Amino acid sequence: DQTGKISEYIAIRHDITKIVQQDKRLQRQTTDELTGLPNRIQLLEDIKSTKSPRLILVDIDNFSVVNDLYGISIGDRILIQVGLRLADFVENNSCTPYRLANDVFAILNDSPECLASEKIVSDMLQIINTEFITDEIEVQLSCTCGIAEGKKSLFRKADIALHAAKKKHEPIV
């Protein structure tokens, strides 16, 4: 008014509930529910946005035996631990971890420092090939890796390398 006091308020409001719900739904579509890591959908999107990507596919060997012996609940807890170990590992190596399906994880990087040497791959294998403890149950895991680089058919090349490594029981680049 004339004395400088506010005499009325005008507000414009919008209900953003649907936008927030849609955002949460999209987030769930690109995140693995069990481990909280990005999933295959996110990996494929991330590959598109990289210049010279390198990819490691990590398959835990005979993980179905763990589920058969100890139950799916224990198996899930171990997969969560694997995801946490990979996330900790890649944090120090500027890479991104993903959980693709069941017992398959992936690590992607566009930086030459990550995955550039056999030592990094060896260190990553050691992280998984160590003992996991949950509910006082000790489980020894091993894994096989397929490694590829270059933007063209990256996922397919890494998958082929993984299958070849499984046949030979060794990581293949």
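Preceding this section is the structure that the text describes.
The following paragraphs examine the structure supplied in this document. Just so we're clear, the structure is a prediction, and the values are computed from it rather than from any experiment.

### Observations concerning the overall build of the protein
Then comes step 1: Regarding its fold elements, the protein presents six helices and six strands.
Then comes step 2: By the burial criterion, 40% of the 173 residues in the protein qualify as buried.
Then comes step 3: In the protein, of all internal contacts separated by at least 6 residues, the share reaching a separation of at least 24 is 64%.
Then comes step 4: If you sum the accessible surface of the protein, you get close to 11,200 Å²; carbon and sulfur atoms cover 51% of it.

### So, the packing of aromatic side chains
Then comes step 1: Applying the stated rule across the entire model yields zero aromatic pairs.
Then comes step 2: It is Arg85 that lies over the ring of Phe132; its NZ or CZ is 3.6 Å from the centre.

### Examining helix 6 (residues 154–168)
Then comes step 1: With 15 residues, helix 6 extends 21 Å between its outermost C-alpha atoms, agreeing within 8% with the 21 Å of an ideal straight helix rising 1.5 Å per residue.
Then comes step 2: Among the residues of helix 6, Leu154, Phe155, Ala158, Ala161, Leu162 and Ala165 are the ones counted as buried. The arc that holds every buried residue of helix 6, seen down its axis, measures 125°, which confines them to one face. Exposed and facing more than 90 degrees away from the buried side of helix 6 are Arg156 and Lys167.
Then comes step 3: Where helix 6 is buried, its residues touch helix 2 (40–48), strand 1 (54–60), strand 2 (96–101), strand 3 (104–109) and strand 6 (143–149).
Then comes step 4: Count one or two residues on from helix 6 and you reach His169, which has phi positive near 60°.

### Describing the pattern of salt bridges
For side chains bearing opposite charge, pairing can occur when the charged atoms are close.
Then comes step 1: According to the stated counting rule, one finds six salt bridges in the structure shown.
Then comes step 2: The partner of Asp59 in a salt bridge is Lys166, with the nearest N and O atoms 3.3 Å apart. Note that Asp59 is positioned in strand 1 and Lys166 in helix 6, a separation of 107 residues in sequence.
Then comes step 3: With relative accessibility at 27%, the residue Lys166 sits in the partly exposed group.

### As for the sheet that holds strand 6
Then comes step 1: The strand order 2-3-1-6 describes an open sheet built from four strands, whose pairing is antiparallel. Strands with a single pairing partner mark the edges of an open sheet, and in this sheet they are strand 2 and strand 6. Between one strand axis and the next, the sheet turns through 20° on average, direction left out of account.
Then comes step 2: Where strand 2 and strand 3 come together, five bridges link them in antiparallel fashion. Of the residues in strand 3, the one forming a bridge with Arg99 is Phe105.
Then comes step 3: Against the sheet, helix 2 engages strand 1, strand 2 and strand 3, with an angle of about 130° to strand 2.

### Topic: a nonpolar patch on the surface
Then comes step 1: A grouping of Ile16, Ile19 and Val20 is seen on the molecular surface, where their side chains present a nonpolar patch of about 270 Å² in accessible area.
Then comes step 2: Turning to its location among the elements, Ile16 is positioned in the segment before helix 1 (17–29).
Then comes step 3: A residue is classified by how much of its surface remains accessible, and Ile16, at 49% relative accessible area, is partly exposed.

### Observations regarding the pairing of strand 1
Then comes step 1: Among the seven residues of strand 1, seven are classified as buried, and the element is accordingly described as predominantly covered.
Then comes step 2: Residue alternation in strand 1 divides its side chains into two sets, Arg54, Ile56, Val58 and Ile60 and Leu55, Leu57 and Asp59, and both sets are buried.
Then comes step 3: When strand 1 meets strand 3, the two strands line up antiparallel, connected through six bridges. Looking at strand 3, one finds that Leu57 is bridged to Ala106.
Then comes step 4: In terms of strand pairing, strand 1 meets strand 6 through seven bridges, oriented antiparallel. For Asp59, the partnering residue across the bridge sits in strand 6 and is Thr144.

Parameters at a glance
Residues numbered from 1 in each chain as written. Predicted model: local features only at pLDDT ≥ 70, side-chain atom pairs only at ≥ 80, totals over all residues. Heavy atoms only, no water. Helix = DSSP H or I, 4+ residues; strand = E, 2+ residues; numbered from the N terminus. Buried < 20%, exposed > 50% of the residue type's maximum accessible area, 1.4 Å probe, protein only. Contact = heavy atoms within 4.5 Å. Areas by Shrake-Rupley, 256 points an atom, 1.4 Å probe, with all protein chains shown as cover. Phe/Tyr/Trp six-rings, centres within 6.5 Å; stacked < 30°, edge-to-face > 60°. Lys NZ or Arg CZ within 6 Å of the ring centre and 35° of its normal. Expected span 1.5 Å × (residues − 1). Arc of directions from axis to C-beta. Salt bridge = Lys/Arg side-chain N within 4 Å of Asp/Glu carboxyl O. Pairing = 2+ DSSP bridges. Axes fitted to C-alpha atoms, helices over the stretch in contact; angles between N-to-C directions. Patch = residues over 30% accessible without salt bridge, like charges linked within 9 Å, V, L, I, M, F, W, Y side chains within 5 Å.

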